[in-house]
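# Architecture at a glance
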Amino acid sequence: MPNNLPFISRRAALRGFAAASFGSLLPTDNPAQNVSTTSQASPIVTKLQPWRPGALDIHHISTGRGNVAFAVCPDGTTILIDAGALQAAPDGDSDEKYRISHLPDASRRPGEWIARYISRHMPFGRQPEIDYFILTHLHSDHMGGLDLLTPRPAMSRLGPYQLTGVMDVHEQIPIKIILDRAYPDYNYPVELNDPHQLNYRKFISSFAKSGGTVERFVPGSSRQIALRHSSPGTYPMFTVQNLAANGKVWNGKDHDAVDTFPSLKTLATSDYPTENKCSVALRLSYGGFRYFSAGDMDHDVTYGRQPWGDIESAVAKAAGPVDVAVANHHGYVNACGASWVGSLRPRAFIVSAWDSAHPTIPSLGNMLSEDLYAGPRDVYSTALKPENIIATKRLREIQSGNGHVVVRVPPSGRSFEVAITTNLDESDAMIAKFGPYETKLQGK
Ligand SMILES: [Zn+2]
């Protein structure tokens, strides 16, 4: 049947229809594309309005291949948190079958899609530029992994490293400052030298040699990440509180953090903190709005043998209640525990998904549980594997299961909205909009 709606693809129209009418999951002809939404969604097919000075936008970009969040801060300062890119795996199909298909498609690498997305959403009149890149931890789905199948993978023209993830982004859009958990040593708790990490380290060396700034993320600091396009004091309501890295957790005092991991001397090498547990965590505030992001932290205590392993609970307690929380470890089975949910109590959860177990039944159950905190809450996922929709029934209760998830806080910092835009192409067509939600602290 021909599509008679001007400017609206038949698929988009169908998805809007499903969103409004059935509150159901609607598989499309691409197995990676599935929409889940309740009757709260209004079917909107319009383009996302550009960022306005004084507003805070946080885009959770849906590539299906890793985490990436791009924030445009009130003065136009741009912050990129992670730029994951899972590329061809050495065991090919056996890994691929668990993964979400490339979005919008595999004609470009995930990092190239991310760079193009960022270019479209830069503050008006500014050349594309990233003020801060913050890497939560050194895994491929956060920094970019090597393509191990292609005989001649793409190499950078800027240095001796393969293009992937953040390296693909920097190739297109200059990054000014990079913060990660391990610079310059990259040796805690062990030498970070798998092939993907070595590629990232070559990028960091080349970046620093060519004049870029690289710093180790300082847990407890509220000054390491600051607005860079306005004079100090212009937006006093905006702050980024560094919460944790390498098991050091903010203790509520300025620039201060405490160790929660035991000394490595007391541990067997096999019990060392994992890369996931060492993740960077931060809380971004604007007026009454609070946003939490902590990479792949989890709460796995190895059947009680490593009580310090529940790092996510310690960090959530340090953060306190927030409005929006990015699900730890993609909502995997060892993350987003009851205590994490109960401390953060967000109005909106965002799952950045690339696997058939993102999110899992227990994590989603915690997010939805009114036993852990009272009141409504909405869950958004950047994508869902069709198999997961079958396995995890409560996914039918989430607001959106496919598309870029854009959080927008107006200049007052007293409310926020969530827009879902298409990941099928680069049109930035809005599929649905939710909110406005009042912020917990109401601009205090
Ligand atoms: Zn991850």
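Residues numbered from 1 in each chain as written. Predicted model: local features only at pLDDT ≥ 70, side-chain atom pairs only at ≥ 80, totals over all residues. Heavy atoms only, no water.

- Per an unreviewed UniProt entry, the chain goes by Metallo-beta-lactamase domain-containing protein and derives from Terriglobus saanensis.

### What to know about the coordination of the zinc ion
- Around the zinc ion, the protein supplies Asp-141 (OD), His-142 (NE2), Asp-296 (OD) and His-330 (NE2) as donor atoms, at distances of 1.9 to 2.2 Å.
- Given four donor atoms and angles of 88 to 154° at the metal, the environment of the zinc ion is assigned as irregular.
- Here the donor residues of the zinc ion share one chain and are spaced in sequence as D-H-x153-D-x33-H. Remark: His-330 occurs in the loop between β15 (324-326) and α8 (338-344) and Asp-296 occurs in the loop between β14 (289-293) and α7 (311-319); sequence separation between them is 34 residues. (Donors = N, O, S within 2.8 Å, 3.2 Å for Na, K, Ca; no water. Tetrahedral: all angles 85-135°; square planar, octahedral: opposite > 155°, others 65-115°. Helix = DSSP H or I, 4+ residues; strand = E, 2+ residues; numbered from the N terminus.)

### Description of the packing of helix α3 (residues 110-120) against helix α5 (residues 165-172)
- Interaxial distance between α3 and α5 falls to 7 Å at its minimum, and their mutual angle equals 45°. Taken as axis vectors, α3 and α5 run oblique relative to one another. Between α3 and α5 lies a crossing whose hand is right-handed. Touching Gly-111, Glu-112, Ile-114, Ala-115 and Ile-118 of α3 are Gly-165, Asp-168, Val-169 and Gln-172, all from α5.
- Residues that form the contact of α3 with α5 fall into these classes: four nonpolar, three polar and two charged. (Axes fitted to C-alpha atoms, helices over the stretch in contact; angles between N-to-C directions. Parallel < 35°, antiparallel > 145°, perpendicular 65-115°, else oblique. Left-handed = near helix turned anticlockwise from the far one by under 90°. Contact = heavy atoms within 4.5 Å. Nonpolar A, V, L, I, M, F, W, Y, C, P; charged D, E, K, R; others polar.)

### A look at the sheet that holds β15
- In space, the eight strands of this open sheet follow the order β12-β11-β10-β13-β14-β15-β16-β17, with mixed pairing throughout. Bordering the open sheet on either side are β12 (257-259) and β17 (378-381), each of which pairs with just one other strand. Mean inter-strand twist for the sheet, computed between neighbouring axes without regard to direction, equals 20°.
- The sheet contact formed by strand β10 (residues 238-245) and strand β13 (residues 281-286) spans six bridges and is antiparallel. Following the sheet pairing, Val-240 is matched in β13 by Leu-284.
- Each of β10, β11 (248-250), β13 and β14 touches α7; the most contacted strand, β11, lies at about 20° to it. (Pairing = 2+ DSSP bridges.)

### Description of the confidence of the model for the chain
- Chain-level pLDDT for the chain is 90 on average; 88% of the residues reach the 70-or-more range.
- Within the model, pLDDT remains below 50 along residues 1-39, and this stretch shows 75 contacts once partners closer than five positions in the same chain are excluded. (pLDDT = per-residue confidence, 0-100.)

### Looking at the nonpolar core
- One finds Leu-243, Phe-292, Val-315, Trp-340, Leu-344, Phe-349 and Val-379 to be the most contacted residues of the largest nonpolar core, which totals 39 residues.
- Elements represented by at least two residues in this core include exactly β10, β11, α7, α8, β16 (348-351) and α9 (361-368).
- Sort the elements by how many residues they give to this core and α7 lands first, with four residues.
- Not counting the four nearest positions on each side in its chain, Phe-349 is found in contact with Ala-325, Trp-340, Val-341, Met-367, Tyr-373, Arg-377, Asp-378, Val-379 and Tyr-380. (Core = buried A, V, L, I, M, F, W, Y, C linked by side-chain atoms within 4.5 Å. Buried < 20%, exposed > 50% of the residue type's maximum accessible area, 1.4 Å probe, protein only.)

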